[in-house]
Amino acid sequence: MNIRGRTLKKFFRGVARVQQTFELHIGPIHARGVPAILVGVTGIVVASGITALLAKSAERLPETLREARGLTDSIRGTRPPLNP
């Protein structure tokens, strides 16, 4: 067997070992093997999407947060009424 064949065999043996031993525990969710890898990759993709979304709308974020605070204040009733 040539060097390239041995290297490929070792590589795939390592990938199989990682696949079998990879575990992920997040609260009540437990995943092992390929599902754990898929959950991890999905988390990374979602995080990058949220980061890109925040980067695009960074100039509007303070206004949005201020309006959200006003909405929660009006829902909770912490502001005094307009006509006392």
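Draft legend 1. How the structure looks around the overall build of the chain. On a plain count of helices and strands, the chain comes out with three helices and two strands. Counting helices and strands in the order they occur from the N terminus, the chain gives α-β-β-α-α. Compactness check: the chain gives a C-alpha radius of gyration of 25 Å against a globular reference of 12 Å for 84 residues, more than 25% above the reference. Overall size of the chain, expressed as C-alpha extent along the three principal axes, is 90 × 30 × 10 Å. The buried share of the chain, reckoned over its 84 residues, is 6%. Computing the positive centroid from 13 side-chain charges and the negative centroid from 5, the chain places the two 24 Å apart.

Draft legend 2. Spotlight on a positive patch on the surface. There is a patch of like positive charges on the surface, built from Arg-6, Lys-9, Lys-10, Arg-13 and Arg-17. Checked against the element boundaries, Lys-10 lands in helix 1 (residues 3-21).

Draft legend 3. Structural view of a nonpolar patch on the surface. On the surface, a cluster of nonpolar side chains totalling about 400 Å² of accessible area is made up of Val-18, Phe-22, Ile-37, Val-41 and Val-45. Sort the elements by how many residues they give to the nonpolar patch and helix 2 (residues 34-56) lands first, with three residues. Within the fold, Val-45 resides in helix 2. Residue Val-45 is classed as exposed on the basis of its relative accessible area of 52%.

Draft legend 4. Structural view of the confidence of the model for the chain. Here the chain shows a mean pLDDT of 81. Residues at 70 or above account for 93%. For the chain, per-element mean pLDDT is lowest for strand 1 (residues 23-26), which scores 80, and highest for helix 2, which scores 87.

Draft legend 5. Spotlight on the pairing of strand 2 (residues 29-32). Where strand 1 lies against strand 2, four bridges are found, and the strand directions are antiparallel. Across the sheet, the residue bridging to Leu-24 is Ala-31, located in strand 2. Between the end of strand 1 and the start of strand 2, which pair antiparallel, lie two residues, with Gly-27 showing a positive phi angle near 60°.

Draft legend 6. Spatial organisation of the environment of Gln-20. Among the secondary structure elements, Gln-20 is positioned in helix 1. Residues Gln-20 and Gly-33 lie 13 residues apart in sequence; the distance between their C-alpha atoms is 4.9 Å.

Cut-off values and rules
- Residues numbered from 1 in each chain as written.
- Predicted model: local features only at pLDDT ≥ 70, side-chain atom pairs only at ≥ 80, totals over all residues.
- Heavy atoms only, no water.
- Helix = DSSP H or I, 4+ residues; strand = E, 2+ residues; numbered from the N terminus.
- Rg over C-alpha atoms; globule rule 2.2 N^0.38 Å.
- Buried < 20%, exposed > 50% of the residue type's maximum accessible area, 1.4 Å probe, protein only.
- Lys, Arg positive; Asp, Glu negative; His and termini not counted.
- Charge placed at Lys NZ, Arg CZ, Asp CG, Glu CD.
- Patch = residues over 30% accessible without salt bridge, like charges linked within 9 Å, V, L, I, M, F, W, Y side chains within 5 Å.
- Areas by Shrake-Rupley, 256 points an atom, 1.4 Å probe, with all protein chains shown as cover.
- Salt bridge = Lys/Arg side-chain N within 4 Å of Asp/Glu carboxyl O.
- pLDDT = per-residue confidence, 0-100.
- Pairing = 2+ DSSP bridges.

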